[in-house]
Every structure is written in structure tokens, then in C-alpha cells.
Amino acid sequence: ALEQHAKGVMGSAWRNVAYWICTLSNNQYAIQEELGNGRWELSSFYLALRSNTCQGTCMILDEGLDPLGRSWCLFELLQTLTRVDQEGNSHPKERQAGFQGMHFCTASGIVSRGEASSEVSLRMGERISTLRLQDAKASSSADKQTIDG
């Protein structure tokens, strides 16, 4: 999915795209610190999304759309949408030079570019229409409390 995104964004220079991947970037031996010690604004997720070098967010979707049911993934979605709103570049044409916002990516490509299957798009619509943040799952109750407030 990331390769498809990189090719879609950079074309033939796609190998030059860098990604911050939370699972690989978080120090698993200091996970509480990575998660901000209970303060989401100090979490590595928030700091990465708010970095000046961050150009956008890719949410990698599996067949079950599991990220749409995970607390940290929804936190990343919220922070991405908040940043787009704050920077005033909510229209795709305005995003060309700045923060690109959220890209939902599948193995076949980027949903917003019509590269994903119609089934994925339909399932996304169904899932989002019934999304309840309080039902999102987290690995630990402390994480859920940090995110939900």
C-alpha cells in the first residue's frame, strides 16, 4: 500500500519518499514515554503529525478496515483533519504545496484517487457512517483513557 502511495505521489521518484511508521518508530522498551505518559499532546503520534516535515498521513487499510476501529488510528485521523483545517488548505488543489491531509491506502492504491476497489469504498462508507469513537479499541485501557480524555 505504501509503494502504491509513493508511486502515486512521486511517480518515477517514488523510492525517495520517506514514511514514519508508528509500529517501527516507537521505542517498544519505552512505550509509556512514546505515548506521552498519559498526555496525548506529548505522544510520538502527535509530534510526528505536527512536525513541519510531515507532508500527510497514510492510513493503511486492510480488508476488514480494522484501523477505523482503533483508538490511536482515529486519533491520527482527527489530528490530520485538525491540521488541514488549521492550515486552511482543506481543498485538494490548495494542498499541492503544503500538508496533504489524509490518504486512505490499500494494497491496490489510494482510495481518493479511485485506485481501490469499489467494495473497499462502499465498506468505508458503511463503517464511517456507524463509527462511534467510544467503541474504538486500544491495546490498553490507559491508552484509551489518554485518547478519549
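Our structure's up above, just so we're on the same page.
In short, a report on the structure. Keep in mind that what you see is a predicted model, and the values were worked out from it rather than measured.

Some points on the overall build of the protein chain
Then, number 1: Of the regular secondary structure elements, the protein chain holds seven helices and three strands.
Then, number 2: In the protein chain, the order of α-helices and β-strands from amino to carboxyl end is α-α-α-α-β-α-β-β-α-α.
Then, number 3: In terms of overall size, the protein chain behaves like a compact globule, its C-alpha atoms giving a radius of gyration of 16 Å where 149 residues would be expected to give roughly 15 Å.
Then, number 4: The principal-axis extents of the C-alpha atoms in the protein chain amount to approximately 40 × 35 × 30 Å.
Then, number 5: Put simply, the protein chain has 149 residues, and 35% of those count as buried.
Then, number 6: Put simply, 58% of the contacts in the protein chain that link residues at least 6 apart link residues at least 24 apart.

What about the nonpolar core?
Then, number 1: Met59, Leu61, Leu68, Phe104 and Met124 are the most contacted members of the largest nonpolar core, which has 13 residues in total.
Then, number 2: Secondary-structure elements contributing two or more residues to this core are helix H5 (71-87), strand E2 (102-106) and helix H6 (118-129).
Then, number 3: In this structure, Leu61 is in contact with Pro67, Leu68, Phe104, Cys105, Thr106 and Met124, ignoring residues within four places of it in sequence.
Then, number 4: The next biggest cluster of nonpolar side chains, apart from the first, holds six residues, and it includes Leu35, Tyr46, Phe75 and Ile147.

Regarding H5
Because an α-helix packs 3.6 residues into every turn, residues spaced three or four apart end up facing the same way.
Then, number 1: Under the 1.5 Å per step criterion, the end-to-end length of H5 is 24 Å for 17 residues, consistent within 8% with the ideal 24 Å.
Then, number 2: All buried positions along H5 are accounted for by Ser71, Trp72, Leu74, Phe75, Glu76, Leu77, Gln79, Thr80, Arg83 and Val84.
Then, number 3: A positive backbone phi angle near 70° is found at Gly88, which sits one or two residues after H5.

A word on the pairing of strand E1 (residues 57-60)
Then, number 1: On E1, burial follows the alternation: Thr57 and Met59 on one face are buried, whereas Cys58 and Ile60 on the facing-out side are not.
Then, number 2: Note: E1 against E2, four bridges, orientation parallel. Directly across from Met59, in E2, lies its bridge partner Phe104.

Examining the packing of aromatic side chains
Then, number 1: Tallied over the full model, the rule gives four aromatic pairs.
Then, number 2: Measuring from centroid to centroid gives 5.6 Å for Trp40 and Phe75, while their planes differ by 65°, and the two rings are edge-to-face. Of the two residues, Trp40 sits in the loop between helix H3 (31-34) and helix H4 (44-50) while Phe75 sits in helix H5, which places them 35 residues apart along the sequence.
Then, number 3: According to the relative accessible area criterion, Trp40 is partly exposed, its value standing at 31%.
Then, number 4: Clustering of aromatic rings is evident, with ring pairs tying together Trp40, Phe45, Tyr46, Trp72 and Phe75.
Then, number 5: Positioned above the aromatic ring of Trp14 is the side chain of Lys7, whose terminal nitrogen or guanidinium carbon lies 5.0 Å from the ring centre.

Parameters at a glance
- Residues numbered from 1 in each chain as written.
- Predicted model: local features only at pLDDT ≥ 70, side-chain atom pairs only at ≥ 80, totals over all residues.
- Heavy atoms only, no water.
- Helix = DSSP H or I, 4+ residues; strand = E, 2+ residues; numbered from the N terminus.
- Rg over C-alpha atoms; globule rule 2.2 N^0.38 Å.
- Buried < 20%, exposed > 50% of the residue type's maximum accessible area, 1.4 Å probe, protein only.
- Contact = heavy atoms within 4.5 Å.
- Core = buried A, V, L, I, M, F, W, Y, C linked by side-chain atoms within 4.5 Å.
- Expected span 1.5 Å × (residues − 1).
- Pairing = 2+ DSSP bridges.
- Phe/Tyr/Trp six-rings, centres within 6.5 Å; stacked < 30°, edge-to-face > 60°.
- Lys NZ or Arg CZ within 6 Å of the ring centre and 35° of its normal.

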